[in-house]
Amino acid sequence: MQHFHKKNILTGLLILVFVWSLFSVQWRADLFHSGGQSTFLHILLGLIQPDLSTDILQLAIVSSWRTLTYAVAGMSLALIVAFVVGILASGILTKGKTQRTAIVGFFRGLLGFMRAIHELVWAWLFVAAVGLSPFAAVFAIAIPYGGILGRIFADMLNDVPAAPINALKACGSSRWQLLMYGYIPHAAADMLSYTMYRFECAIRSSAIMSFVGLGGLGYQIQLSLEDLKYDEVWTFMFFLLGMVIVVDLWSQQLRKRLVA
Amino acid sequence: MTQSAKKLRRPFRFGFVKFSFLIALLLILSSWIFIFWVEEADFLGLFSEKNRDHTKNFLSNMAGIGVENPAFLDAEKWKQALWLTYETLQMSVMAIGFATMAMLLTVVPAARNAADGTLTVTKKWYGWLVYGVIRFLYVLSRAVPELIWAMMIIFIFKPGILPGAIALALHNFGILGKLCAEVIEDLDMRPIRSLASSGAGKVQLLVYGIIPEVMPKFISYILYRWEVIIRTTIVVGFVGAGGLGMEFKLSMSWFHYTDMTLFLICYVMLVWMVDFLSEKLRKAMR
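Residues numbered from 1 in each chain as written. Chains lettered and ligands numbered in written order. Predicted model: local features only at pLDDT ≥ 70, side-chain atom pairs only at ≥ 80, totals over all residues. Heavy atoms only, no water.

Here we look at the overall build of chain B
- Scanning chain B from N- to C-terminus turns up 12 helices and zero strands.
- Each helix and strand of chain B, placed in order from N terminus to C terminus, yields the pattern α-α-α-α-α-α-α-α-α-α-α-α.
- When the accessible surface of chain B is totalled, it reaches about 15,100 Å², and 67% of it is carbon and sulfur.
- Averaging the coordinates of the 29 positive side-chain charges in chain B and doing the same for the 21 negative ones gives two points 15 Å apart. (Helix = DSSP H or I, 4+ residues; strand = E, 2+ residues; numbered from the N terminus. Areas by Shrake-Rupley, 256 points an atom, 1.4 Å probe, with all protein chains shown as cover. Lys, Arg positive; Asp, Glu negative; His and termini not counted. Charge placed at Lys NZ, Arg CZ, Asp CG, Glu CD.)

Structure follows, in structure tokens:
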């Protein structure tokens, strides 16, 4: 009963915080642009009747491919970073208490810094530094995603049950063997399914790299929006939707086979 | 004998997992090939003299070297930036609030076990139809990134906190919906069935059977999405949806480098604060 009570208080508190946030907006009719409502209808109309002419479809396929390549390239780098730094940050390769605290602290901090800044901010920093290059997009995805994946990998490695690890230790395995035969096989399925989820996110992130001037689906969406061609906007959106659905289905199938 | 028996039991199959692995490798390879050869991106060119100068200039500008009165040493600027941080926090809370409300309204029919009738122990003909429609809405809203929602919303609303919050809410509605529908699908059905068989009505099933089971998980997902939202507030601000991001973008356009540093400091502080808060709340919820 006591426990239940505490949870209710917290839920109430969260609702109160939400109500507080509502006071930051002055709720008047002039929140809308003067033509806002009709624009809304136009956007809805585009959703029902997307532009399916061949030019637009071709453009959509090419820009989808570009978006996909940036996402894949970024993810492949992020995976390498996450794997190396994640294993170091989990502290399973270290010996001795002081060494462990130092190494784990340093690498966890590094991962925290990498993921604290949003990928678009990274992209903007890279574009400001090296100009418009696909590498700006790839690195901008690789750094924050490496940070997130690394942190999750480290947590997963730490959550591996102790019994099989102790059994390996009792057989005299080295730390390296512990990692290869104990930790990684145990965590692999979870790691893979999380990676697939992040890949889906990477596609979205790569689509918005257009905002700093890099090509891809987002760029086309932005152009069409500026021309007020909402039907084209939705065509590109449906391509984005399609890629996300495909990756989602793929990861579902994989998870079913690996986790079960 | 045992050798051949083993072989018989586990024949080599070109299974789905191997196939996926191959596809993934192919994708990675072709992506890098595309970037290097088709886009002709110059990797070594990244480290040219010119770029190094650019980077150095840029970083020293950000650090305010040789700048009179950099923004992050100015009390007035700090006051403005902290106010924006406060607004950004409000925007994020509003966004997660909207997303939660929309999710709670739709999540029960979006669960597979509600659609096929095992959850409520009564089957309705429209169950699968409603399920399909809501699931499509979830996928659509989560497939479109916040920034693109914001670009569209800004055509409808005037710049401010509200359009940003709505854009963030639209994207997170889909994600929360998916996550929370899965929570309902993974429910332990036995207590609910026993409630139903002892004559509990629909509302009673919801209040005594479902809500107590799912609420802690829902709240931990909501808090987790809140952490993500706070990181994204700066990005929806870029297109004019208020908060820190909007001012960040403005100072970017005016080349006010030290202002940008100040906003970035506030942003990172806000992210860390929210991470800390949400972790504490999640522990308290458990």
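Once you've had a look at it, read on.
Remarks on the confidence of the model for chain A
- Looking at chain A as a whole, its pLDDT mean stands at 85, while 97% of the residues score no less than 70.
- By mean pLDDT, helix 1 (residues 2-22) of chain A is the weakest element of chain A at 78, and helix 3 (residues 54-90) of chain A is the strongest at 91. (pLDDT = per-residue confidence, 0-100.)

Remarks on the packing of helix 8 (residues 161-185) of chain B against helix 10 (residues 202-238) of chain B
Residue and element names in this part refer to chain B.
- Where helix 8 meets helix 10, the axes come as close as 10 Å, and the angle between the chain directions of the two elements is 150°. By the angle between their axes, helix 8 is roughly antiparallel relative to helix 10. Here helix 8 and helix 10 pass one another in a crossing that is right-handed. The residues of helix 10 that touch helix 8, namely those facing Gly-164, Leu-168, His-171, Asn-172, Ile-175, Leu-176, Leu-179, Cys-180, Val-183 and Ile-184, are Val-214, Lys-217, Phe-218, Tyr-221, Ile-222, Tyr-224, Arg-225, Ile-229, Thr-232, Thr-233 and Val-236.
- Taken together, the residues of the contact of helix 8 with helix 10 sort by class into 14 nonpolar, five polar and two charged. (Axes fitted to C-alpha atoms, helices over the stretch in contact; angles between N-to-C directions. Parallel < 35°, antiparallel > 145°, perpendicular 65-115°, else oblique. Left-handed = near helix turned anticlockwise from the far one by under 90°. Contact = heavy atoms within 4.5 Å. Nonpolar A, V, L, I, M, F, W, Y, C, P; charged D, E, K, R; others polar.)

Observations concerning a nonpolar patch on the surface
- The grouping of Leu29(B), Ile33(B), Phe36(B), Trp37(B), Val38(B), Phe43(B), Leu44(B) and Phe47(B) at the surface amounts to a nonpolar patch, some 890 Å² of accessible area in total.
- Relative to the helices and strands, Phe36(B) is located in helix 2 (residues 16-38). (Patch = residues over 30% accessible without salt bridge, like charges linked within 9 Å, V, L, I, M, F, W, Y side chains within 5 Å. Salt bridge = Lys/Arg side-chain N within 4 Å of Asp/Glu carboxyl O.)

Concerning unusual backbone geometry
- Located in the positive-phi region is Leu228(A), a residue other than glycine, with phi close to 60°.
- By the element assignment, Leu228(A) lies in the loop between helix 9 (217-226) and helix 10 (230-259).

A look at the pattern of salt bridges
- According to the stated counting rule, one finds 12 salt bridges over all chains in the structure shown.
- Between Arg204(A) and Glu200(A) there is a salt bridge; the shortest N-O distance is 3.5 Å. Taken together, the residues Arg204(A) and Glu200(A), both in helix 8 (residues 175-207) and four residues apart, mark about one turn of the helix.
- The shortest N-O distance in the salt bridge between Arg282(B) and Glu227(B) comes to 2.4 Å. Linking Arg282(B) in helix 12 (residues 257-285) with Glu227(B) in helix 10, this pair joins segments that are 55 residues apart in sequence.
- Taken together, the shared-partner salt bridges in this structure form one network comprising Glu200(A), Arg204(A), Asp248(A), Arg142(B) and Lys178(B).

Describing the environment of His54(B)
- Relative to the helices and strands, His54(B) is located in helix 3 (residues 49-62).
- A sequence separation of 43 residues divides His54(B) from Gly97(B), and the C-alpha atoms of the two residues are 42 Å apart.

A few points about the packing of helix 9 of chain A against helix 7 (residues 146-153) of chain B
- Their axes nearest at 11 Å, the elements helix 9 of chain A and helix 7 of chain B cross at an angle of 5°. In this view, helix 9 of chain A runs roughly parallel relative to helix 7 of chain B, as classed from their interaxial angle. Across the interface between the two elements, Gly218(A), Ile221(A), Gln222(A) and Leu225(A) from helix 9 of chain A touch Ile148(B), Met151(B) and Met152(B) from helix 7 of chain B.
- The class makeup of the residues in the contact of helix 9 of chain A with helix 7 of chain B is five nonpolar, two polar and no charged.

Focus: the packing of aromatic side chains
- A full pass over the atoms with the stated rule returns 22 aromatic pairs over all chains.
- When the centroid spacing of 5.7 Å and the interplanar angle of 65° are considered together, the rings of Trp20(A) and Tyr86(B) count as edge-to-face. With Trp20(A) in helix 1 and Tyr86(B) in helix 4 (residues 75-106), this pair bridges two chains.
- Classification of Tyr86(B) by relative accessible area gives partly exposed; the value is 33%.
- Taking 5.9 Å as the distance between ring centres and 25° as the angle between the ring planes, the aromatic pair formed by Phe135(A) and Phe139(A) counts as stacked. One end of the pair is Phe135(A) and the other is Phe139(A), both in helix 6 (residues 134-158) and four residues apart, which spans about a single turn.
- When the ring centre of Phe16(B) is taken as origin, the NZ or CZ atom of Arg257(A), which lies over that ring, is 4.4 Å away. (Phe/Tyr/Trp six-rings, centres within 6.5 Å; stacked < 30°, edge-to-face > 60°. Buried < 20%, exposed > 50% of the residue type's maximum accessible area, 1.4 Å probe, protein only. Lys NZ or Arg CZ within 6 Å of the ring centre and 35° of its normal.)

So, the interface of chain B and chain A
- Counting residues at the interface gives 76 residues for chain B, matched by 73 residues for chain A.
- Here chain B is connected to chain A by three salt bridges.
- Glu200(A) serves as the salt-bridge partner of Arg142(B), at 2.7 Å between the closest nitrogen and oxygen.
- At the boundary of chain B and chain A, one finds 10 residue pairs in polar contact (both at pLDDT 80 or more).
- Per-element accounting of the side of chain B that touches chain A gives the leading share, 13 residues, to helix 2 of chain B.
- Along the lines of polarity and charge, the residues of the side of chain B that touches chain A split into 57 nonpolar, 10 polar and nine charged. (Polar contact = N/O pair within 3.5 Å; in protein donor to acceptor, adjacent residues only side chain to side chain.)

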